[in-house]
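The lines below spell out each chain.
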Amino acid sequence: MWIAITRDVSASLAGCQLSFVPRVPIDLELARQQHAEYVRALESRGCRVLALPAQDDLPDAVFVEDVALVFDEVAVMTRPGAESRRGEGASVAPLLASLRPMRAIEAPGTLDGGDVMRVGRQVYVGRSARSNDEGIEQLRTLLAPFGYRVHAVVTHGCLHLKSAVTVVADDTLLVQPAWVDVAQFAGYRLIEVDSAEEHAANALRIGDGVIHPLCFPRTRERLAQAGIDVTTVDVSELQKAEGATTCCSLVLRDLAHPHGD
């Protein structure tokens, strides 16, 4: 029912782009072990994983979410805000083209997949250091024929919109109110992260549950109390590269096998 596209960890991961976390040493072998556990978590939640090989000359390439958006009707290649990341999409596009009709964000627009959150037919896009107004407007134009409404959301103090808010159920969002104005999400049930777990708002929803970092037990308890089924993964080394659970995969419906047959 689900496909998850992943990419193996680059040997150059320590040279990753960083904006809101300090640079500290990364254990590359542990990062690779944790990524393998993450892939197993995807499989445990019903995903057929399509793994791309590492791109060792592109440090951030493991964060495959940022280079594309995938909807049931169309896939959109983004144009990452960090120039060093714009070569990452070339090897993702052919795989997506076998699964969806393709569109693309073009210069001068910039857009990172981590800034894009879909809730039904509503698409929220972070106006961040990585995604600009031109990129948001291009996405609005590309998605309008399919009935999606695109809303620009200002973020502050974090890299991407999905650092601050993610979908954990049809009507429920996990939010870090310090980084986004939650009034923009009126009408949804909101679960706030525990105040001691600043980076805990990033959860990857797959079907009726989520994948969430192991290091945020207090927020995990809030999710469980709200009836959310949580699978935990240790992504401590990937977090040092300003990554988390959503950014390490592109999850899409398997339209060729909608019932897993």
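As a starting point, this report considers the structure included with it.

Digging into the packing of aromatic side chains
In this description, an aromatic ring pair is defined by two values, namely the gap between the centres and the angle between the planes.
Working step 1: Enumeration according to the criterion identifies three aromatic pairs in this entry.
Working step 2: Taken together, a centroid distance of 5.0 Å and an interplanar angle of 55 degrees make the contact between Phe71 and Tyr148 tilted. Placement of Phe71 in the loop between β3 (68-70) and β4 (75-77) and of Tyr148 in the loop between α3 (133-143) and β8 (149-154) is noted, with a sequence separation of 77 residues between them. Taken as a pair, Phe71 and Tyr148 share a single burial class, namely buried.
Working step 3: Ring geometry for Tyr124 against Tyr188: centres 6.3 Å apart, planes inclined by 75 degrees, an arrangement best described as edge-to-face. Residue Tyr124 is located in strand β7 (residues 122-127), and its partner Tyr188 is located in the loop between β10 (172-175) and β11 (189-192); the two are separated by 64 residues in the primary sequence.

Topic: the sheet that holds strand β1 (residues 2-7)
Working step 1: The strand order across the open sheet built from three strands is β2-β1-β15, with neighbouring strands paired in mixed fashion. A strand with exactly one partner marks an edge of an open sheet, and here the two such strands are β2 (47-52) and β15 (250-253). Strand-to-strand twist in this sheet, taken as the mean axis angle between neighbours without regard to direction, amounts to 20 degrees.
Working step 2: Where β1 and β2 come together, six bridges link them in parallel fashion. The partner of Ile5 across the bridge, within β2, is Leu50.

A short note on the pairing of β7
Working step 1: Relative to β7, strand β6 (residues 116-119) runs antiparallel, the two being bridged by four bridges. In the strand pairing of β7, Val119 is matched with Gln122.
Working step 2: Here β6 folds back onto β7 in antiparallel fashion, the turn holding two residues, of which Gly120 has a positive phi close to 65 degrees.
Working step 3: Across six bridges, the pairing between β7 and β8 is parallel. Note on β8: the bridge partner recorded for Val123 is Val150.

Some points on the environment of Arg149
Working step 1: Topologically, Arg149 is positioned in strand β8.
Working step 2: Distance from Arg149 to Gly120, taken between C-alpha atoms, is 9.7 Å for residues 29 residues apart in sequence.
Working step 3: For Arg149, the residues in contact, after removing those within four places along its chain, are Arg121, Gln122 and Val123.

Quick notes on the rules
Residues numbered from 1 in each chain as written. Predicted model: local features only at pLDDT ≥ 70, side-chain atom pairs only at ≥ 80, totals over all residues. Heavy atoms only, no water. Phe/Tyr/Trp six-rings, centres within 6.5 Å; stacked < 30°, edge-to-face > 60°. Helix = DSSP H or I, 4+ residues; strand = E, 2+ residues; numbered from the N terminus. Buried < 20%, exposed > 50% of the residue type's maximum accessible area, 1.4 Å probe, protein only. Pairing = 2+ DSSP bridges. Axes fitted to C-alpha atoms, helices over the stretch in contact; angles between N-to-C directions. Contact = heavy atoms within 4.5 Å.

Purely spatial values, then, with no claim about function.
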